[in-house]
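# Structural description and commentary
The residues making up each chain are set out below.
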Amino acid sequence: MRQRLSSEPDRYRGRRRVPTPPRSRYAAVVTTAFVGAGVVALGAGALPDAKVVSPSALADLEKAAATSEDLNSRATDAERSSRDSDRGGLASTLAEAPDVWRLPLEGYDLTAPYGMQWDKLHPGIDLAAPEGTTYHAVHAGTVTKAGWFGGYGYCVIVEHPDGTESIYGHSSKVLVAEGQEVKAGDELGLVGNTGHSYGSRLHLELHVNGKPTDPIPYLKERGVDLALQVDELYADVVGS
């Protein structure tokens, strides 16, 4: 071998040599790899093959899963029933409150407002709905009329504790009797086309101090929006 002269450039000067790891480090790495592979192999061997699992064990697993699903379903049904019961109880409690006002009908079209029509006062509003639709008391009170009432056809009149009267006309059938006490939301009759009517509708009037009053602003002040078909007191109950 030729001896390098001191005048020759050192091609390796300034470079860092990567130290060779000791034999013990190589041994540790190789040992760890083999041990890890062995653990994986042992773990795989310990897991049972689905083809060799006992049929009775599979049946027990399926039975347990079905039981768990049934219990979850029962718990869900019980929770729903409890929630519906609470909602119904709250609605019933609200209806019994003396100051509650409700919509007279659900699913209607406002076809005739309160006011002058053909040079005559239309003393109420007309709510068009399919014949036979149930209508309800807007407020608690006593039924003073339940039967035929001239141009109103079959009619129900309820007198409320403050002396206000609500009148429900053009019924196909009345479901209450005179002298009967009713609460807000109680069924009074069925929508019809009797008396001076031009189509299936509920004619609703309110008399305050013996005089006809526009039901829309009067009821809106009491939380009942006839235009939006919402009674605010029950909005949270329905939506919950």
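Residue positions are counted from 1 within each chain, in the order its sequence is given. The model is predicted, so local features are restricted to residues of pLDDT at least 70 and side-chain atom pairs to those at 80 or more, both for listing and for counting; the totals for chains, interfaces and linings are taken over all residues. Excluding hydrogens and water, the side-chain values take into account all heavy atoms of the structure.

Next up on the list: the confidence of the model for the protein. Note on scores: pLDDT gives the predictor's confidence for each residue, bounded by 0 and 100. On average, residues of the protein score 76 in pLDDT, and 56% of them reach the 70 mark or higher. Throughout, a contact is declared for two residues whenever any of their heavy atoms are within 4.5 Å. Counting contacts from residues 4–8, a segment whose pLDDT is below 50, to residues more than four positions away or on other chains yields one contact. Across residues 10–52, where pLDDT falls below 50, the model places two contacts with residues more than four positions away in sequence or in other chains.

What follows concerns the environment of Tyr218. Turning to its location among the elements, Tyr218 is positioned in helix H3 (residues 215–220). The sequence separation of Tyr218 and Leu206 amounts to twelve residues, and the corresponding C-alpha distance is 8.6 Å. In this description a helix means any DSSP run of H or I spanning at least four residues, a strand means any run of E spanning at least two, and both kinds are numbered starting from the N terminus.

The next thing to look at is the packing of aromatic side chains. Note on aromatic contacts: the rings of Phe and Tyr and the six-membered ring of Trp form a pair at centre separations within 6.5 Å, being stacked when their planes are under 30 degrees apart, edge-to-face when over 60 apart, and tilted otherwise. Scanning the model with the defined rule gives four aromatic pairs in all. Between Trp101 and Tyr218, the ring centres sit 5.8 Å apart and the planes meet at 75 degrees, which makes this aromatic pair edge-to-face. One end of the pair, Trp101, is in the loop between helix H2 (55–96) and strand E1 (109–112); the other, Tyr218, is in helix H3, with 117 residues separating them in the sequence. By relative accessible area, Trp101 is classed as buried at 7%. Residue burial is assigned from relative accessible area. The probe radius is 1.4 Å, only protein chains are included, and a residue is buried under 20% of its type maximum, exposed over 50%, and partly exposed in between. On the basis of relative accessible area, Tyr218 is assigned to the buried category, the value being 11%. For the cation-ring pair, Arg222 lies above Trp101, with the distance from its terminal atom to the ring centre recorded as 5.8 Å. For a Lys NZ or an Arg CZ to count as sitting over a ring, it must be within 6 Å of the ring centre and within 35 degrees of the ring normal. Looking at Arg222, its charged tip hangs above the ring of Tyr218, at a distance of 3.6 Å from the centre.

Volume-wise, the largest pocket comes out at about 530 Å³. Mapped onto the lining of the largest pocket, the elements with two or more residues apiece are strand E3 (120–122) and strand E11 (201–208). Residue composition of the lining of the largest pocket, by class: six nonpolar, seven polar and four charged. Buried and open spaces are told apart on a 1 Å grid over the protein atoms alone, a cavity being a set of points where a 1.4 Å probe fits but cannot get out and a pocket being an open set with protein on both sides within 12 Å along at least five of seven lines. Residues with an atom within 4 Å of a point are the lining residues. Grid points are joined across faces, edges and corners, and a volume is the space filled by probe spheres set on the points. Charged residues are taken to be Asp, Glu, Lys and Arg, nonpolar residues to be Ala, Val, Leu, Ile, Met, Phe, Trp, Tyr, Cys and Pro, and polar residues to be all remaining types, Gly included.

Before going further, it helps to examine the pattern of salt bridges. The term salt bridge refers to a side-chain nitrogen of Lys or Arg lying within 4 Å of a carboxyl oxygen of Asp or Glu. Inspection of the entire model under this criterion finds five salt bridges. Its salt-bridge partner being Asp186, residue Lys183 comes within 4.0 Å of it at the nearest N-O pair. Among the residues examined, Lys183 registers a relative accessible area of 34% and is labelled partly exposed.

Once that is clear, we can look at the nonpolar core. The set of buried Ala, Val, Leu, Ile, Met, Phe, Trp, Tyr and Cys residues whose side-chain atoms join them within 4.5 Å is what this entry labels a nonpolar core. Counting 26 residues, the largest nonpolar core has Leu105, Tyr135, Val156, Tyr168, Leu188 and Leu219 as its most contacted members. Secondary-structure elements contributing two or more residues to this core are strand E4 (124–128), strand E6 (141–148), strand E7 (154–159), strand E10 (187–191), E11 and H3. Broken down by element, the residue count for this core peaks at three residues, all from E11. In contact with Val156, other than residues within four places in its own chain, are Tyr135, Val143, Lys145, Ser166, Ile167, Tyr168, Val174, Val176 and Leu188.

This part covers the side chain of His203. Assignment of secondary structure puts His203 in strand E11. Those residues within four positions of His203 in sequence are excluded, and the remaining contacts are His122, Gly124, Ile125, Asp126, Tyr152, Ile167, Tyr168, Gly169 and His170.

Let us now look at the environment of Gly107. Relative to the helices and strands, Gly107 is located in the loop between H2 and E1. Overall, Gly107 belongs to the exposed group, its relative accessible area being 54%. Considered as a pair, Gly107 and Pro130 are 23 residues apart in the sequence and their alpha carbons are 9.1 Å apart.

Okay, the pairing of E11 next. Counted residue by residue, E11 has seven buried out of eight residues, so it is predominantly covered. Any two strands with at least two DSSP-identified bridges between them are counted as paired. The pairing of E4 with E11 spans five bridges and is antiparallel. Considered in E11, the bridge of Asp126 is made with His203. Judged from the five bridges that link them, strand E8 (residues 165–174) and E11 form a sheet pairing that is antiparallel. Following the sheet pairing, Ser166 is matched in E11 by Leu206. Here E11 pairs with strand E12 (residues 211–213) via three bridges, running antiparallel. Note that in E12 the partner of His207 across the bridge is Pro212.

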